[in-house]
Protein chains: 2
Amino acid sequence: MTNEIMKENEKFEILLENMDYKTIASMISKMQAVEAAEYLNSIPKNQIVNIVNLFDKEKTADIVSRLNLEKQAEVANELVSKELSNILEFIAPDDRADLFKKLTAEVQNDLLPYLTKKTREDIIRLSSYPEGSAGSVMSSNFASIINTLSIEKALEKVRHDAPSKETIYYIYVVDSDMHLIGFIFLEDLILANLESSVTSIMKTKLVFADVFEDQESVAKKIEKYDLIAIPVVNKKNQLVGIVTHDDAIDILRQEQTEDLEKFMGITGEHKAYSYLNKPSWVHFKNRAYWLISLAIVGLLSGVIVHQYSYVLRSLMIVALFMPMMADTGGNSGSQSATVIVRALAIGEITIKDWLKVIWKETKISAMLAFVLGLLAFIKVIFLTTADDIPEGFNLLNIALVIGLALALQVFTATIMGALLPIIAKKFKADPAVIASPALTTLVDISGMLIYFGLVSLLLT
Amino acid sequence: MTNEIMKENEKFEILLENMDYKTIASMISKMQAVEAAEYLNSIPKNQIVNIVNLFDKEKTADIVSRLNLEKQAEVANELVSKELSNILEFIAPDDRADLFKKLTAEVQNDLLPYLTKKTREDIIRLSSYPEGSAGSVMSSNFASIINTLSIEKALEKVRHDAPSKETIYYIYVVDSDMHLIGFIFLEDLILANLESSVTSIMKTKLVFADVFEDQESVAKKIEKYDLIAIPVVNKKNQLVGIVTHDDAIDILRQEQTEDLEKFMGITGEHKAYSYLNKPSWVHFKNRAYWLISLAIVGLLSGVIVHQYSYVLRSLMIVALFMPMMADTGGNSGSQSATVIVRALAIGEITIKDWLKVIWKETKISAMLAFVLGLLAFIKVIFLTTADDIPEGFNLLNIALVIGLALALQVFTATIMGALLPIIAKKFKADPAVIASPALTTLVDISGMLIYFGLVSLLLT
């Protein structure tokens, strides 16, 4: 299988070098559109234009709409308006609106007169919803019938509309003012008695989304109710579009990337660019926010260490284990934070469970603290040479105190990591704001206090 | 809306206290099954049994199959075998097999004789596939027709089978030995000329999964090709089941949790337990692996600091900024690792792009290094008091060297964070093994070398 793909890849590259677009076109036309798009994604726009020019408009639309959005725009900007308008007519409404938004203003203006009135209005309407709303990802291709129809008439309408509909598995029932009142499963419509009415087989327990609703909330509804598509209504409860299951997967993936990045203290929306296309200074801005904030908060741990510099002066060996305190605390805190942020996100726990979480984390962290504290004790014993220990100090005591401090640090860091996301959620903030870097810095401060506090109390 | 839910919740709790199961049952029966299950998930098993006993078997099956799997098993273990067998007949085959696996061996044995032969065989077959394979998540409810049928006969068969099928949007075409040869869209079947043959409207460009294929790979195919369901075949290319789009979302969510946890150095499969049900010592085991490994590797940074303790003795102030070096390096490395691991996972970059990635990260990290180095310089100036500086040293020089060391640390940490996931992928390992804690510890070692190297070279 992999070998076959390797061979195909080589063949493709040789054909490209020879500019044998005709053979490439025939090779590609045998593939699924999404596979063809994978080949084309990696080559320059003018070569893509040469290849897709050999397809009919429908095939071209099918393949072009599956390229990266940035590539789509590059190719579209290369085409003449008339050609582009023909292709756009065959692209699904939501993808078409996304592509349109990416075109240069000049191309947009040249293009509009060539589109059919219906397509033009559709594009303008779908492009007008705010980024990230249900309206911005919905499609206007849906099957709807009026509630007064008979099954026979309804079937006729669906048969007639079907070829142009993105999904006809749910047929939405509306009144004469397009108010959404129910839906019918396609299979129920097929199986129903031809003489009965639409309302007799209509389901009225309906899950729907508002056109301004956040796309993530819409995708979660599709996930929760196992839907193939969800109807989208405006303020007047009129059906204006649908969001489909494949869009839901894309939205959930995108949100998941943003959550992970947020958790790592990276700000900004992921959607706008892919990694390589995002300008370096945007990457810089997204990352610098937290790094700089934390460097400033980090002053505090600097001040603490400074306060205790008399400890370091009399007992240099204490300095050697500062990185261990900082790291182990940060790592164990990040772990519990990760587990809790996820458990909150997928609904395994709610904020009401905070006591149970503390109890569970207390047991877990006690075990971790014991093992890691013991390791630290052993480490101190092994790493320390005789001349590290000043007059009047005892290696065993020092190792005990450092081991104890590490155990305490692991314990508090784990509990903090678990509790802070729950507190964030309690205050209606995203639990992921307890970003791993933020926690690391907090845990550092508590760690230095514990470390130097214990050392100065018990050793000096 | 939220207020309404609050009221419903309160009402529900009062009814529970009064053991008014009848009113609860009528309240719940008006909800979607998934919503009803949300209420029941939070109450004890015997109360659930009292409530679902008031429903017919189909409704009970619908609601019970949407409870947490652990709750399902608790409830099922409470029911008598005959009752349970009746309910099982109405649960979707894949959910049924999952539930069966969770029952105690005793309940399983008592149950089997009560099941219909078809259901019994179905459960045993689906339970026999290895955890995480397509076979273990597939459903045996699919619509299939033989390739020799006419459209009219095919429609008749689909009409007849439909009520028992989980999804009939794709109708799979097989030969007389159940070999998969194509599929038909339900809408095409409905629209086709009654006299023509099945093969005339059949699509033969087919995406399918192997029954032993990893579930994540199957889910990714559903995502890539925007499928509602994917057919699953055995070694002989015979159709044995389908995996549906809603299962794909569940699988992708689960894998995403495991990826995030892996990235945070948490081992183990997520699926086995939910957070609160997972025993503390399993949590401990999953987290301890990396923490302990890293504590051991951390010895190295301890040794390095130890080697340079003469620097600390002559210039104590250097110790104060050790935590800052460790943290800032760890944070900036984790950020670039996060971005690259995600970009690799969603296919925005491939290992072939490594040079482009280095170039991009070089630019980003140069900016970050400059800003953070400058901040460190300022920090040293502000935090240092006159008696921190021994005879013969100059504050400005010290601040310059520490700022320079931090800048160099940010630069190398960022590049390492970006490069290591790509190297891991090159060696066929999961890029997420460059777990954030692992990177933190590595970056610590390089950071201590840079820090003490520069200080001893330029200052002492």
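Just above, that's the structure.
The structure contained in this document is the topic of the report that follows. (Residues numbered from 1 in each chain as written. Chains lettered and ligands numbered in written order. Predicted model: local features only at pLDDT ≥ 70, side-chain atom pairs only at ≥ 80, totals over all residues. Heavy atoms only, no water.)

### Thoughts on the overall build of chain A
Formally: What counts as a helix is a DSSP run of H or I of at least four residues, what counts as a strand is a run of E of at least two, and both are numbered from the N terminus. This radius of gyration counts C-alpha atoms alone. The globule rule is 2.2 Å times how many residues there are, raised to the power 0.38. Here's how the labels work: a residue is buried when its accessible area is under 20% of the maximum for its type, exposed when over 50%, partly exposed in between, all with a 1.4 Å probe on protein chains only. The contact rule is simple, with two residues in contact once any of their heavy atoms fall within 4.5 Å. Only four residue types enter the tally: Lys and Arg on the positive side, Asp and Glu on the negative side; His and the chain ends are excluded. Charged groups are reduced to one reference atom each: NZ for lysine, CZ for arginine, CG for aspartic acid, CD for glutamic acid.
Within chain A one finds 24 helices and six strands. For a compact globule of 460 residues, the expected C-alpha radius of gyration is about 23 Å, and chain A comes in at 31 Å, more than 25% above that figure. A total of 460 residues make up chain A; the buried ones form 55% of that total. For chain A, long-range pairs separated by at least 24 residues make up 66% of all intrachain contacts whose partners lie at least 6 apart in sequence. Across chain A, 44 positive and 56 negative side-chain charges occur, with their mean positions spaced 4 Å apart.

### With respect to unusual backbone geometry
Residues and elements named next belong to chain B. Its identity is not glycine, yet M178 carries a phi of approximately 65°, on the positive side. As for its placement among the helices and strands, M178 is situated in the loop between β2 (170-174) and β3 (180-185). For N237, which is not glycine, the phi dihedral falls at a positive 65°. Note on N237: relative accessible area 30%, which makes it partly exposed.

### What to know about the side chain of D444 of chain B
Inclusion rule: By convention in these notes, a salt bridge is any Lys or Arg side-chain nitrogen within 4 Å of a carboxyl oxygen on Asp or Glu.
Among the secondary structure elements, D444 of chain B is positioned in helix α24 (residues 436-458). No salt bridge is formed by the buried D444 of chain B. Its closest oppositely charged neighbour is K379 of chain A, at 8.9 Å. Apart from residues lying up to four places away in sequence, D444 of chain B is in contact with P323 and D327 of chain A together with A326 of chain B.

### Brief notes about the sheet that holds strand β5 (residues 229-233) of chain B
All names here are of chain B. Going by this rule: A pair of strands is labelled paired if DSSP reports no fewer than 2 bridges between them.
The strand order β4-β5-β6 describes an open sheet built from three strands, whose pairing is mixed. Each edge of the sheet is formed by a strand with only one pairing partner; in this case those strands are β4 (209-210) and β6 (239-244). As paired elements, β4 and β5 share two bridges and run parallel to each other. Following the sheet pairing, D210 is matched in β5 by V233.

### With respect to the environment of P421 of chain A
Residues and elements named next belong to chain A. Note on placement: P421 falls in helix α23 (residues 395-426). Of the residues examined, P421 reaches a relative accessible area of 0% and is grouped as buried. Each C-alpha atom, one on P421 and one on V341, is 6.2 Å from the other, the two residues being 80 residues apart in sequence.

### Some words on the nonpolar core
A general tendency of soluble globular proteins is for nonpolar side chains to be buried together. Going by this rule: What we call a nonpolar core is a set of buried Ala, Val, Leu, Ile, Met, Phe, Trp, Tyr and Cys residues that are connected through their side-chain atoms within 4.5 Å.
L186 and L189 of chain A together with L186 and L189 of chain B are the most contacted members of the largest nonpolar core, which has 104 residues in total. Setting aside residues no more than four positions away along its own chain, L189 of chain B makes contact with I151, A154, L155, V158, I171, I184 and I201 of chain B. Core analysis: the next-biggest nonpolar cluster, separate from the first, contains 85 residues, A288 of chain A together with M325, L368 and A405 of chain B among them.

### Things to note about the sheet that holds strand β1 (residues 143-146) of chain A
All names here are of chain A. What counts, and what does not: In this description, a line fitted to the C-alpha atoms serves as the axis of each element, helices being fitted only across the stretch in contact, and the angle between N-to-C directions of two axes falls anywhere from 0 to 180 degrees.
Here three strands make up an open sheet; going across it, the order is β1-β2-β3 and the pairing mixed. Edge positions in the sheet fall to β1 and β3 (180-185), since each has one partner strand and no second. Shown here is a sheet whose adjacent strand axes are inclined to one another by a mean of 30°, direction ignored. Where strand β2 (residues 170-174) meets β3, five bridges bridge the pair, whose relative direction is antiparallel. Looking at β3, one finds that V173 is bridged to G182.

### Some details on the interface of chain B and chain A
As a reminder of what qualifies: A 1.4 Å probe defines the accessible area here, and the buried area is the portion of it lost by two parts on being joined, summed over both. What qualifies as a polar contact is a pair of N or O atoms within 3.5 Å, subject to a donor-acceptor requirement within protein and to the restriction that residues adjacent in sequence count only when both atoms come from side chains. All amino acids are sorted into three groups, where Ala, Val, Leu, Ile, Met, Phe, Trp, Tyr, Cys and Pro are nonpolar, Asp, Glu, Lys and Arg are charged, and the leftover types, Gly among them, are polar.
Opposite the 114 residues of chain B that make contact, chain A presents 114 residues. Between chain B and chain A, the buried area comes to about 10400 Å², and carbon and sulfur atoms account for 65% of it. There are six salt bridges connecting chain B and chain A. Inspection of the region where chain B meets chain A yields 25 residue pairs in polar contact (both at pLDDT 80 or more). For the side of chain B that touches chain A, the element with the highest residue contribution is helix α21 (residues 322-345) of chain B, accounting for 14 residues. Residues that form the side of chain B that touches chain A fall into these classes: 57 nonpolar, 26 polar and 31 charged.

### What about the relation of the copies chain B and chain A?
Stated formally: When the copies are overlaid, the least-squares fit takes in C-alpha atoms only where the residue has pLDDT of at least 70 in both copies.
Rotating chain B by 180° and translating it 0.0 Å along the rotation axis places it on chain A, where the RMSD comes to 0.1 Å. Here the transformation between the copies is reduced to the relation of a two-fold axis. Here 100% of the interface residues in chain B have copies in chain A that are interface residues too; the copies meet face to matching face.

### Some points on the pattern of salt bridges
A side chain of one charge can pair with a side chain of the opposite charge when the charged atoms of the two come close. Summed over the entire model, instances satisfying the criterion amount to 24 salt bridges over all chains. With its nearest N and O atoms 2.8 Å apart, the salt bridge here joins E223 of chain A to R253 of chain B. Of the two residues, E223 of chain A is situated in helix α15 (residues 215-224) and R253 of chain B in helix α16 (residues 245-263); the pairing between them involves two chains. The same class applies to E223 of chain A and to R253 of chain B, which are both buried. Salt bridges sharing common partners tie together R96, D122 and R125 of chain A.

### Re helix α23 (residues 395-426) of chain B
Residue and element names in this part refer to chain B. We count it as follows: A helix is expected to reach a length of 1.5 Å times the quantity of its residues less one.
Here α23 is 32 residues long and its end C-alpha atoms lie 46 Å apart, about the 46 Å a rise of 1.5 Å per residue gives. Regarding α23, its N-cap is N394, as a side-chain oxygen of that residue lies 2.8 Å from the backbone nitrogen of L396 further along. The first or second residue beyond α23 is K428, which carries a positive phi of 65°.

### Notes on a nonpolar patch on the surface
Residue and element names in this part refer to chain A. The condition that has to hold: Only residues whose relative accessible area exceeds 30% and that form no salt bridge are eligible for patches; like-charged ones are grouped when within 9 Å, while nonpolar side chains (Val, Leu, Ile, Met, Phe, Trp, Tyr) are grouped when within 5 Å. To measure how exposed things are, a 1.4 Å probe is used in the Shrake-Rupley method; for residues, cover is taken only from the protein chains shown.
On the surface, F370, L374, I378 and F382 cluster together to form a nonpolar patch covering roughly 470 Å² of accessible area. Topologically, L374 is positioned in helix α22 (residues 354-383). You can call L374 partly exposed: its relative accessible area is 44%.

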